[in-house]
Every structure is written in C-alpha cells, then in structure tokens.
Amino acid sequence: MGKLNGWKISFLGFQHVLAMYAGAVVVPLIVGGALKMNTEQLAYLISIDLFTCGIASLLQVIGGRYFGVKLPVILGCTFTAVPPMITIGQLEGLPAIYGSIIASGLIVTLIAQFFNHIMRLFPPVVIGSVITTIGVSLIPVAMNNMAGGQGSPTFGQWENLFLGLLTLLSVILLNRFGKGFIQSISVLLAMVIGTITAWFMGLVDLSHVADASWFRIVQPFYFGVPEFHVSSIITMSLVAIVSMIESTGVFMALADICDEKLGGERVKKGLRAEGLAIMIGGLFNSFPYTSFSQNVGLVALSKVKSRAVVIAAGIILIVLGLLPKVAAVTTIIPNAVLGGAMIPMFGMVIVSGIRALATIDFKQTQNLLIVACSVGMGLGTSVVPAIFKDLPDMIRVVVENGIVLGSLTAIVLNIIFNKQAKPSAAEAV
C-alpha cells in the first residue's frame, strides 16, 4: 500500500472507530436506560465513554516503560460488566459502581505483576483454540446486527438483510477489484455505501444529529464521589479478572497477525495498562475497559498493522467525546450495515486461529479434544447463554462469556492432557 501519510492514517483510524462504535455506544445506552438516567445524563455517559475509550487506547498503544502492550489494540467497555453494573447501581447507587470500578482496576494492576508466570499455560494448542473461540463467539453478534439488532421490531426483515448483504458484498468487491489504500479501507467504504443506500430507503434518522450539542466538557466524578462497598468490589474484580483472560487472547491474536513475539513481560505491561484504564474509567464515571476483539479482524482484513492508525483512532474517539454532534453522525449507521461489515472482520479472526492451529499435531487425540471442547463450549455459550441462567451471578459472570469459558476450557484440558512442560506463549507466537 506504500507509505501511510496523515490522511491515510486518519481514514484507517476512523475505520477502527466505526468497527468498535456500536459496542462502545450500546453499553451506556443499556446501563443508562436500566438505571433510569435522564436524557442529559445519558448523553454525558455516551460522550465520556468515547472520551475515555480514546485515552485508554492511547495508553495501551503508546505505552511507556512499565505499561502498554504496544500492539494495534482498541479498548472499549467490556459487555461482561453490564449486568453487574446495573445490579450494583440499582442496589447501592451510581457512586458504588464507580468505586468498585476504581478498586477493580487497582486489583488488575497488581495481579498483572505476576501474570507472566502463568503464560506457560498458553502453548500453541491453547493459543489457537482461544483465537478461534474469539472469532466464532463474535459471529452471532454480527448476525444479530445484520438482522437489524437483537430486540429490534424490524428484526429479520428483508430491508435489514438486503443492507447487510450489500455491505458484505461491497467489502468483497472492494477487496477483489480495489488496490492499495482502497483495499485497506474497504470496510469503511462498504459502510458508507450501505448507509447511503439505507438513507435512500428512508431508514436513516438524522434527528439525533440535529438535537446533539456541539461541545461538552468532561469532568471527573460527574455522578458523585465514588463509594466503596466490599460486595460490589468483589463482583467487579471478578469481571475484571475475566477480562484479563479475554485480553490475553486478544493480545495473542494481534501478535500472530502482526508477526510479533509476545513474551510474558509484554503481556504483563498490557494488562497493567488495562488496569490503569479501568481506574481512569472509574474516575471519569464511565466504564471498565478491556481490549476489543472486534478490531482484531479489521487489522487482519486491512493488513495495516501500524500503531499510528490506532493512535489516530484514539485521538478521534477523544474528539468525538468532546463534540457530541460529530459523534452523533456515526450513530446513523444502521445495525444491518454494521452487521454486514462485521462478518468478514470476525471471520478473519477465525482464520487467524485456524492458522495458529495448523502447527499442531492433530494425530494426538488429546489435541483434538482440547480444540473441539474449547471451541464447542465457547460457541455454545455464545449461542445459548440462557443455559446458565439459574446459576449464581458470580458464576454466570464467567460462564456466560463464551470467549472466557472457551479459553478456560482449553487451559484446563491442556493441563490435564499435557502435563509435560510445553512451549510458552512467548515461544509459540
């Protein structure tokens, strides 16, 4: 594609923002709605979420001597935290939510110091299983969006399916006939094509753009001074530890795509940065942040592995957080269009996992079982999460996350079957 100039980096960064935007916005909408926030509070929650997403991403990508994995990773709010946040907010109030987030971030930062010692639990068979599980667990998200969004009154209607397929076909054709930079921003261009088509079909609502304000100042402790309750801290810390496992899988996938070695020390710095990002989220009354797996597929599909692109995405997110009217423009993209773009991106994550598994000796039955059971549990949980609905909340936090359950299954089975010393993730990736 040649050397990336400022414009190319900006467009590629904006493509990353669009890839994660739906996930970033839907969390404050769900949490704010469940906690009966008014329109002004909800608008602030969305803005501060985008702002802190940008800060958290820059913290991870730019890093420093003691923190930052320095891979092209975008951070966003973990969906695993949504039910606990709602429960804590309803029982103990908003300040308790943010107190538990700050405390859990501190705990992640401390645990990260020792996390590199357990990296030997991630030999190639586990790494490949985890990456594949991430991909297959995300596909239902893409399909739900393609149908119009889960719970939408127009779910599955032909208009949504048409827009989703049009966007998917646009990505394919742009990659087939486009060259260089056009090919790299194929997902962005496909979403533009899908959104313009939706506008002609009368499916794009511009009223949110007109109603949004031009500028909003962010402020710490917007919803009050944090309160610290032991039960809430334990719950949110469990969520944060679950996210650490998921983020480790994301780091592995990105390192594999970027052809970089991922040692235990580097993972430790990445998780330490994540803990710091969680604390920043609590201070600004937003959310706990984790590495977004949505953007892994975009790195693989665009073949652009430069950290400069994600730095641009982080800056764009900060600007969007300060300019609600500009941020509102990105909300006009229909769910079906996002779903159509997600399918090839998430599929590329699966392909990365398959590539990692290609180095495994499948003549050994234990390796077959490790991959089969971990991917099966991860996909099964993602497709039918209600299977665990009667379990205690603290257990459901773990088992209802397909990525985490699949990863834990792979780790446990590897310990059971392969007691001998195995190569570490640093040697395998």
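See the structure printed just above.
Residues numbered from 1 in each chain as written. Predicted model: local features only at pLDDT ≥ 70, side-chain atom pairs only at ≥ 80, totals over all residues. Heavy atoms only, no water.

Go over the overall build of the chain with me, naming the residues and quoting the values.
Each helix and strand in the chain was counted, giving 19 helices and two strands. Counting the 429 residues in the chain, one finds 57% classified as buried. Restricting the contact set of the chain to residue pairs at least 6 apart, pairs at least 24 apart contribute 84%. Carbon and sulfur atoms provide 69% of the accessible area of the chain, an area that totals close to 17,700 Å². (Helix = DSSP H or I, 4+ residues; strand = E, 2+ residues; numbered from the N terminus. Buried < 20%, exposed > 50% of the residue type's maximum accessible area, 1.4 Å probe, protein only. Contact = heavy atoms within 4.5 Å. Areas by Shrake-Rupley, 256 points an atom, 1.4 Å probe, with all protein chains shown as cover.)

Outline empty space enclosed by the protein, supporting the account with residue identities and numerical values.
Tallying each qualifying case throughout the model produces one cavity of 30 Å³ or more. Put simply, the largest cavity is a space of about 50 Å³. Thr 78, Ser 104, Met 236, Val 239, Ala 240, Ser 243, Ile 278, Pro 288, Tyr 289 and Thr 290 together form the lining of the largest cavity. Taken together, the elements giving at least two residues each to the lining of the largest cavity come down to α10 (230–257) and β2 (289–291). (1 Å grid on protein atoms, 1.4 Å probe; cavity = no way out; pocket = protein on both sides within 12 Å on 5 of 7 lines; lining within 4 Å. Points joined across faces, edges and corners; volume = space filled by probe spheres on them.)

Now, about helix α6 (residues 158–177): what can you tell me, with residues and values included?
Residues three or four positions apart in an α-helix share a direction because the helix packs 3.6 residues into each turn. The first and last C-alpha atoms of α6 sit 28 Å apart over 20 residues, in line with the 28 Å expected at 1.5 Å per residue. Residues of α6 that are buried include every one of Asn 160, Leu 163, Gly 164, Thr 167, Leu 168, Ser 170, Val 171 and Leu 174, and no others. Looking down the long axis of α6, one finds its buried residues gathered within 145° of arc, a one-sided arrangement. Seen from the open side of α6, the exposed residues pointing more than 90 degrees away from its buried face are Trp 158, Arg 176 and Phe 177. (Expected span 1.5 Å × (residues − 1). Arc of directions from axis to C-beta.)

Describe the environment of Asn 285, naming the residues involved and giving the relevant values.
Residue placement: Asn 285 occurs in the loop between α11 (264–283) and β2. With a relative accessible area of 0%, Asn 285 lands in the buried category. Taking the C-alpha atoms as reference points, Asn 285 and Ile 102, separated by 183 residues in sequence, lie 9.6 Å from one another. Excluding residues that lie within four positions of it along the chain, Asn 285 makes contacts with Leu 45, Ile 48, Tyr 98, Phe 221, Tyr 222, Phe 223 and Gly 224. Among the polar contacts made by the side chain of Asn 285, one reaches the main-chain amide nitrogen of Phe 223 at a distance of 2.6 Å. (Polar contact = N/O pair within 3.5 Å; in protein donor to acceptor, adjacent residues only side chain to side chain.)

A description of the side chain of Ser 374 should follow, citing residues and the corresponding values.
Note on placement: Ser 374 falls in helix α16 (residues 365–383). Within the local environment of Ser 374, its side chain forms a polar contact with the backbone oxygen of Ile 370, the two atoms lying 2.7 Å apart. Once residues lying within four places of it in the same chain are set aside, the contact partners of Ser 374 are Ser 129, Thr 133, Leu 369, Gly 406, Thr 409 and Ala 410.

Residues and numbers for unusual backbone geometry, please.
Phi is positive for Lys 70, close to 55°, though the residue is something other than glycine. Looking at the secondary structure, you find Lys 70 in the loop between α2 (39–62) and β1 (75–77). On the basis of relative accessible area, Lys 70 is assigned to the partly exposed category, the value being 31%. Even without being glycine, Asn 285 reaches a positive phi, approximately 60°.

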